[in-house]
Amino acid sequence: MPISRRRLIAAAPLAAGLAVAPSVVRAQAPGRVVIIGGGFGGASAARFARDRFPHLDVTLIEQSRSFTTCPYGNLVLAGRRDIGSITFGYERLAARGVRLVHQRAVAIDPQRKQVRLADGVDVPYDRLVVSPGIDLRWGAIEGYDEAASARMPHCWVPGLQPVTALAEQLRAMPQGGTFVMAIPDNPFRCPPGPYERISMVAEYLKRHNPRAKIIALDAKNGFSKQPLFQDAWAELYPGMIEWRGASNDGRVMAVNPATMECVTEFGDRVKGDVVNVIPPQMAARIARDAGLAAQSGWCPIKPATFESAQVPDIWVLGDASIAAPMPKSGFAANTQAKHAIACIAASLAGQAPPPAVYFNTCYSHVGEDYGISIVGVYRGGTQLTEVEGSGGISPRNSALEGERRAEHRRLEALYADGWYDAITGEMFG
Ligand SMILES: Cc1cc2nc3c(=O)[nH]c(=O)nc-3n(C[C@H](O)[C@H](O)[C@H](O)COP(=O)(O)OP(=O)(O)OC[C@H]3O[C@@H](n4cnc5c(N)ncnc54)[C@H](O)[C@@H]3O)c2cc1C
C-alpha cells in the first residue's frame, strides 16, 4: 500500500510516543545498567540511558574499538561510499559518561547478576541489556564454513568480514562474468538487505562491467519490497538480474568453493566468478550460552518491555530477539533500545513500564537517486502487533507518472541519507 498522507498522519502520534514514553518514568532510582554489544541496539541503549536517565550507571561491553555499520555497506559495493565513512568510534559515548569496556563478554551469571569478561573479571549489574547481534550457522549450507567464506564471502557481519572483501572480488570480476548470491529463508538480519545488495552490485556492474550477470538464488518465494525492487531492476538494469525463488529451485543446499559452485535443492549447479553466500543465522553466542535463546536459536522476549521471556532482569534487543513482525533491522533495534531503557528505569524505581510502541523504517538504495522504503508501527502487549492503518510502502512505478516518479525516488534516496546520518549520530555522535 502506498504511503499516503492519511496513513502517515495516523502513524505520527505513535511514533512521537516513542519520544514521550520515558518521561512517564518519574522516580529516579539509581542502578547499574550493563550493556553487552555496542551496535545498533547496545550503542543506542547506552546513549539514551545517559541522556534521559543520568542517574543510571551505564557500562557498555563491546569487543571491538570501532563499529562498522551494515547499513550503507552495500553502497561501498557500488563505489559510492568508502568503509571509513561507515565506521565509528566510541569516544563520544565515553565522553557522555558511558563506561566503555572493550572486551568480549564470555558468560552471564543471572544468579549472581554478573558478566564474565574474557580476562576473567566479573562486571556486576542490576539490569543487563544484551544486544550482541547474530552468528552465522556455519555448515547449515553444506561446505560453507569459515574457510569457505574466504573464497565465497558473506559480508553480513562486518566484525567477521567487512564488505570490502566482496568489493575487491567484484572489482576483479572478469568482463561478462557472473555474480551469484545465495539468500537464506526467514528469519534473518535485514530482510531487504540482499536485494539492496543486488541493486548496488548491479549499479557497479552497469558502469564497469555491463555484460556481467547477477543470479540470485533464494530459499524463499517472496521478499521484502519485492515488486518495488523488481520494477527498479527492470527499469535500471534490464536483462542483468535473474532472481530464482524456492519453487524455481532457488534454495542453495551446498557450495563448493574449489569450483565456485552453488548446488540447489534439485541438484542444479550454478557457477559464479564471484559467489556471495548469506547463510542462515541465529542469535550471537553470548545470548545462546546464557540460556536466553529458544530452540530456534533466537531469543524470546516479553513484547511489552523486551525483557527476556526466559531469564529475569535481562533485556534482549535487536537481531538476537524474536520480535516479528518487526524486522531484524538497525532502526528496530534502536527503538527497542529506547523503550527497554525506559522500562529498566521504571523497574528500578518500582514503577510499571511505559506503554510499548515501536517504529521502523527500512530504506533501500536501488540505483543512483533512487530510494524506496517500508514503514511499520508496532505495539507490544501480550503480543507484538503492527498497528492497523499505520505504516506503508513506497508507491510502485505504475502509480507514479514520469517526472513525479523520478522526484519521489530521488527524495527517498535523500531521506535514506538523512536517516543514516541521524541514527549513527544518535549512536556515536
Ligand atoms: C547488508 C546489510 C544492510 C543493512 N541495512 C540496514 C538498513 O538500511 N537499515 C536498518 O535499519 N538495518 C539495516 N541492516 C540491519 C542492521 O545492521 C542490524 O539489524 C543491526 O545491526 C542489529 O543491531 P544489533 O544491536 O542486534 O547487532 P549489531 O549492530 O550487530 O551489534 C552487535 C555488537 O555486539 C558485539 N558483540 C557481540 N558479541 C559480543 C560479546 N560476547 N562481547 C562483547 N561484544 C559483543 C559486536 O561486536 C557488535 O558490535 C542491514 C544489515 C545488512 C547485513
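Analysis parameters
- Residues numbered from 1 in each chain as written.
- Predicted model: local features only at pLDDT ≥ 70, side-chain atom pairs only at ≥ 80, totals over all residues.
- Heavy atoms only, no water.
- Domains from an automatic or database assignment.
- Contact = heavy atoms within 4.5 Å.
- Buried area = accessible area lost by both parts, 1.4 Å probe.
- Salt bridge = Lys/Arg side-chain N within 4 Å of Asp/Glu carboxyl O.
- Helix = DSSP H or I, 4+ residues; strand = E, 2+ residues; numbered from the N terminus.
- Nonpolar A, V, L, I, M, F, W, Y, C, P; charged D, E, K, R; others polar.
- Pairing = 2+ DSSP bridges.
- Axes fitted to C-alpha atoms, helices over the stretch in contact; angles between N-to-C directions.
- Buried < 20%, exposed > 50% of the residue type's maximum accessible area, 1.4 Å probe, protein only.

Looking up the protein in an unreviewed UniProt entry gives the name NAD(P)/FAD-dependent oxidoreductase, with the organism given as Elioraea tepida.

Here we come to the domain arrangement of the protein. Taken domain by domain, the protein comprises domain 1 (5-133 + 284-428) and domain 2 (136-281). Taking only C-alpha atoms, the centre of domain 1 and the centre of domain 2 are 27 Å apart. Taken together, the contact pairs 37 residues of domain 1 with 36 residues of domain 2. Carbon and sulfur atoms make up 60% of the surface buried where domain 1 meets domain 2, a total of about 2900 Å² over both sides. Of all residues in domain 1, N74, L77 and V366 give up the largest surface area on contact with domain 2, accounting jointly for 23% of the area buried on that side. Counting every contact that joins domain 1 to domain 2 gives 4 salt bridges. A salt bridge links R189 to D319; its shortest N-O distance comes to 2.5 Å. Within the residue set of the side of domain 1 that touches domain 2, elements represented by two or more residues are α3 (73-78), β22 (356-367), β23 (370-380) and α11 (402-428). Classifying every residue of the side of domain 1 that touches domain 2 by side-chain character gives 16 nonpolar, 14 polar and 7 charged.

Time to look at the sheet that holds strand β20 (residues 314-316). Each strand in a sheet pairs with its neighbour through backbone hydrogen bonds, running either in the same direction (parallel) or in the opposite one (antiparallel). If you walk across this open sheet you meet the 5 strands as β5-β2-β1-β9-β20, and the pairing is parallel. Each edge of the open sheet carries a strand with a single partner, namely β5 (99-101) and β20. Within this sheet the neighbouring strands show an average axis-to-axis angle of 20 degrees, counted without direction. Contacting β1 (32-36) and β2 (57-61), helix α2 (residues 40-52) crosses the sheet at an angle of about 165 degrees to β2. Its contacts with the sheet place helix α10 (residues 330-348) against β1, β9 (127-130) and β20, and it is angled at close to 170 degrees to β9.

One pass over the full model with this rule turns up 24 salt bridges. When the shortest N-O distance is used, the salt bridge between D268 and R244 registers 3.1 Å. Of the two residues, D268 sits in the loop between β15 (261-264) and β16 (269-271) while R244 sits in strand β13 (residues 241-244), which places them 24 residues apart along the sequence. Assessed through its relative accessible area of 11%, R244 is described here as buried. For E426, the salt bridge identified is with K338, shortest N-O distance 2.7 Å. In this pair, E426 sits in helix α11 while K338 sits in helix α10, placing the two residues 88 residues apart along the sequence. Salt bridges sharing partners connect three or more residues here, namely R47, D51 and R96.

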